[in-house]
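Letter by letter, the chains look like this.
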Amino acid sequence: MDNKRMRAIPLGAEASVGDFQRYPGCRFTITCSLCGWTKAYNPERVVRRLRELRAGGYATPLSRVGARVQWPCPGCGRLKWRAGLAWPAGLQPDEVRRMTNRYRN
């Protein structure tokens, strides 16, 4: 998957990991705040890992998840991460609407 072309979902400061349920097909992303390097993950996997570590779950704020990442960025070697949600590049807006309607009904 080409992470550079992922479309970020604009979220407020109070956004949590569990918000991925409102955006079908989205991915959880961590992005280096200094160089922009990005890695995408399955949001369910992130929630499962937070629970394993007893560090949170669905209600964990995205800002706290980004601060917990303790490995250096492969692009620049520094530690300044932010977390977010994004749609993969190949996911079209009409496909998002179709998935939203399918989950809602």
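Owing to the predicted nature of the structure, the values given are computational and were not obtained by experimental measurement.

This next bit is on the sheet that holds strand 4 (residues 81-87). Strand order in this open sheet of four strands is 1-4-2-3, and the pairing throughout is antiparallel. Among the strands making up the open sheet, the edge pair consists of strand 1 (7-8) and strand 3 (38-41). Of the strand pairs in this sheet, strand 2 (residues 27-32) and strand 4 are connected by six bridges, and their pairing is antiparallel. Directly across from R27, in strand 4, lies its bridge partner A86.

Attention shifts here to the packing of aromatic side chains. Evaluated as defined, the whole model comprises five aromatic pairs. With 6.2 Å between their ring centres and 20° between their planes, F20 and Y58 make a pair best called stacked. With F20 in the loop between strand 1 and strand 2 and Y58 in the loop between helix 1 (43-52) and helix 2 (62-68), this pair connects stretches of sequence that are 38 residues apart. A relative accessible area of 11% means that F20 is categorised as buried. Plain terms: the ring middles of W71 and W81 are 4.9 Å apart, the flat faces sit at 50° to each other, and that makes the pair tilted. Placement of the pair is W71 in the loop between helix 2 and strand 4 and W81 in strand 4, with a sequence separation of 10 residues. By way of ring pairs, the aromatic residues W37, W71 and W81 are connected into one cluster. Sitting over the face of the ring of Y41, K39 holds its NZ or CZ atom 5.7 Å from the ring centroid.

Definitions and cut-offs
Residues numbered from 1 in each chain as written. Predicted model: local features only at pLDDT ≥ 70, side-chain atom pairs only at ≥ 80, totals over all residues. Heavy atoms only, no water. Pairing = 2+ DSSP bridges. Helix = DSSP H or I, 4+ residues; strand = E, 2+ residues; numbered from the N terminus. Phe/Tyr/Trp six-rings, centres within 6.5 Å; stacked < 30°, edge-to-face > 60°. Buried < 20%, exposed > 50% of the residue type's maximum accessible area, 1.4 Å probe, protein only. Lys NZ or Arg CZ within 6 Å of the ring centre and 35° of its normal.

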